[in-house]
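Chains, contacts and geometry: an overview
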Amino acid sequence: MQVIRGLHNLRDEHRGCVATIGNFDGVHLGHQAILEQCREQAARLGLPVTVVVFEPQPREFFAGDQAPPRLTRLRDKVRLLGEAGVERVLCLPFNDALRSLTAEAFIRRVLIEGLGVRHLVVGDDFRFGCDRRGDFHLLTAVGEAHGFGVEHTRTFTVDDERVSSTRVRTLLASGNFEAAARLMGRPYRLGGRVVADQKLGRTIGVPTANLPQPVRSLALQGVYAVISELPDGRRLPGVANIGWRPTVGSTRPVLEVHLFDFDGDLYGERLAVLPCAKLRGELKFDDFAALKHQIGLDLERARSYFSQHPLPRPEAGASQYPAAGAGSPPESLGNHAFLPLASAPLAREAVTLDSSAGAPADHDDG
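Here is a short report on the structure shown in this document.

Reading the values: the criteria
- Residues numbered from 1 in each chain as written.
- Predicted model: local features only at pLDDT ≥ 70, side-chain atom pairs only at ≥ 80, totals over all residues.
- Heavy atoms only, no water.
- Helix = DSSP H or I, 4+ residues; strand = E, 2+ residues; numbered from the N terminus.
- Buried < 20%, exposed > 50% of the residue type's maximum accessible area, 1.4 Å probe, protein only.
- Contact = heavy atoms within 4.5 Å.
- Areas by Shrake-Rupley, 256 points an atom, 1.4 Å probe, with all protein chains shown as cover.
- Pairing = 2+ DSSP bridges.
- Polar contact = N/O pair within 3.5 Å; in protein donor to acceptor, adjacent residues only side chain to side chain.
- Arc of directions from axis to C-beta.
- Expected span 1.5 Å × (residues − 1).
- Axes fitted to C-alpha atoms, helices over the stretch in contact; angles between N-to-C directions.
- Parallel < 35°, antiparallel > 145°, perpendicular 65-115°, else oblique.
- Left-handed = near helix turned anticlockwise from the far one by under 90°.
- Nonpolar A, V, L, I, M, F, W, Y, C, P; charged D, E, K, R; others polar.

Some words on the overall build of the protein
For the protein, the count of helices and strands is 10 helices and 14 strands. Going through the 366 residues of the protein one by one, you find that 52% of them count as buried. In the protein, of all internal contacts separated by at least 6 residues, the share reaching a separation of at least 24 is 76%. For the protein, the exposed surface amounts to about 16,400 Å²; the carbon and sulfur share of it is 49%.

Right under this line is the structure:
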């Protein structure tokens, strides 16, 4: 899979494709359904599938810190798109130059001159251009004049409700990881590379793997019972804190993971962390002794959760997280389909003290 950064890096060999445009934050089942439409047309025309995304996402450009938190950072989004059958990702920097383009100029420079689009799949409510004149009807008219087809996306629903990134964020913030997984087609996951930090956990017998997180990736904040996937393929239960560590201070958000019954060196390694149940919101304690006491309670609660919800063997039954259509879903569900995902926080304070996601506000999250 090829990532093309900016229009200036497009070459003649990139022309001629089936394309779609959007944020694709989370690459959930709704997104996967769009990609399936693209794959169908690509097979018919014998062309590659190209997805056009923006960095930062338009809402982040305009709203800054008030924008909804991301479900996936760019590198994870690209990986998921590739696993969903996308051959190319065109990543356009969303800046003043791009936002100032008229709808007609965007179509000409990006779709016609840049990509040589032969077929386009977009939502019938898709709007673009500095004047907001760009819509499905304009694309259809230009497509007829320049020889490319335009097709609107099919609405994908779960439980009679449209699947969207906003809906996934709401479920995650409410601690309903089971329902969020059903909308995404896989459990929600975080990750990163383990770095050396203050090592305060070692002083109280609770060593942690510390994974710095981008500020805009905090769809979750608080303390969670988690399953961590190690580089050697092992899956270990544990407890994790996601946030700014207000008691000890932090210059950027961190995912701190304590793995139960593990003794090893993970510095420099990449970990995948799958939250299973929310224990509580992130709190600021009066002193380190109070934090230490609470950590002990968190460990007990997480161990209790996993003792009551042990990891069953994958062959115990069929996957509980459906994929969209007949195509293979991003990330094989074989290793994830039977995680003990909670449908609600484990304690009342996990809801009332959470300061993480806020109220998701994005409406156009394609």
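Next comes the rest of the description.
Side note on the pairing of strand 4 (residues 88-93)
Among the 6 residues that make up strand 4, 5 are buried, leaving the element largely enclosed by the rest of the structure. Two strands pair when backbone bridges link them, and strand 1 (residues 2-5) and strand 4 are joined in this way by 4 bridges, in the parallel orientation. Paired with V3 across the strands is V89, a residue of strand 4. In this structure, strand 3 (residues 49-55) lies alongside strand 4, joined through 6 bridges in parallel fashion. What sits directly across from V53, in strand 4, is C91.

As for the side chain of N210
Position of N210 relative to the elements: it lies in strand 10 (residues 209-212). Residue N210 is classed as buried on the basis of its relative accessible area of 6%. A polar contact is formed between the side chain of N210 and the side chain of T208, at a distance of 3.4 Å.

Topic: helix 6 (residues 136-146)
For helix 6, the set of buried residues is F136, L138, L139, V142 and G143. Angularly, the buried residues of helix 6 cover 155 degrees about the axis, an arc narrow enough to put them on a single face. Opposite the buried face of helix 6, at more than 90 degrees from it, the exposed residues are H137, E144 and A145. The N-cap residue of helix 6 is D135: its side-chain oxygen and the backbone nitrogen of H137 are 3.3 Å apart. Taken from the residues just after helix 6, G147 is the one with a positive phi, measuring 85 degrees.

Points about unusual backbone geometry
The amide bond that connects E55 to the next residue, P56, takes the cis arrangement and shows omega of 0 degrees. With respect to the secondary-structure elements, P56 resides in the loop between strand 3 and helix 2 (58-63). At F24, a residue that is not glycine, the phi angle is positive and equals roughly 55 degrees. Of note, V27 is a non-glycine position whose phi angle comes to about 45 degrees, a positive value. According to the relative accessible area criterion, V27 is buried, its value standing at 0%.

Examining the side chain of Q37
Note on placement: Q37 falls in helix 1 (residues 29-45). Accessibility expressed as a relative area gives 1% for Q37, which makes it buried. Within the local environment of Q37, its side chain forms a polar contact with the side chain of E151, the two groups lying 2.9 Å apart. Excluding residues that lie within four positions of it along the chain, Q37 makes contacts with V121, E151, H152, T153 and R154.

Details of helix 9 (residues 288-308)
Over its 21 residues, helix 9 extends 30 Å from the first C-alpha to the last, a length consistent with the 30 Å expected when each residue adds 1.5 Å. L291, Q294, D298, L299, A302, Y305 and F306 are the residues of helix 9 that are buried. Taken end-on, helix 9 shows its buried residues confined to a sector of 150 degrees, consistent with a single buried face. Away from its buried face, by an angle of more than 90 degrees, helix 9 presents the exposed residues A289, H293, E300, S307 and Q308. Residues of helix 9 that are buried make contact with strand 11 (222-229), strand 12 (235-243), strand 13 (254-259) and strand 14 (270-280).

A word on the sheet that holds strand 13
With antiparallel pairing, 6 strands are arranged side by side in an open sheet as 9-14-11-12-13-10. Only two strands of the sheet have a single neighbouring strand rather than two, namely strand 9 (190-193) and strand 10. Strand after strand, the sheet turns through a mean of 35 degrees between neighbouring axes, direction not considered. In the sheet, strand 9 pairs with strand 14 via 4 bridges, with the strands oriented antiparallel. Residue pairing across strands places G191 opposite A272, the latter belonging to strand 14. Strands in contact with helix 9 are strand 11, strand 12, strand 13 and strand 14; relative to strand 14, the strand with the most contacts, it is inclined by about 95 degrees.

Quick notes on the packing of helix 5 (residues 103-114) against helix 6
Where helix 5 meets helix 6, the axes come as close as 11 Å, and the angle between the chain directions of the two elements is 50 degrees. Between helix 5 and helix 6, the angle falls in the class oblique. Considering the relative orientation of helix 5 and helix 6, their crossing is right-handed. Listed contacts from helix 6 to A103, E104, I107, L111 and I112 of helix 5 are L138, L139, V142 and H146. In terms of residue class, the contact of helix 5 with helix 6 is built from 7 nonpolar, 1 polar and 1 charged.

Structural notes on the sheet that holds strand 4
An order of 1-4-3-2-5-6 is seen for the 6 strands of this open sheet, with the pairing classed as parallel. Looking at the sheet topology across the chains shown, the edges are occupied by strand 1 and strand 6 (149-152). Pairwise comparison of adjacent strand axes, ignoring direction, gives a mean angle of 25 degrees for this sheet. Docked against the sheet, helix 1 engages strand 2 (17-21), strand 3, strand 5 (117-122) and strand 6, running at close to 165 degrees with respect to strand 2. Where helix 5 meets the sheet, its contacts fall on strand 2, strand 3, strand 4 and strand 5, and the angle it forms with strand 4 comes to roughly 140 degrees.

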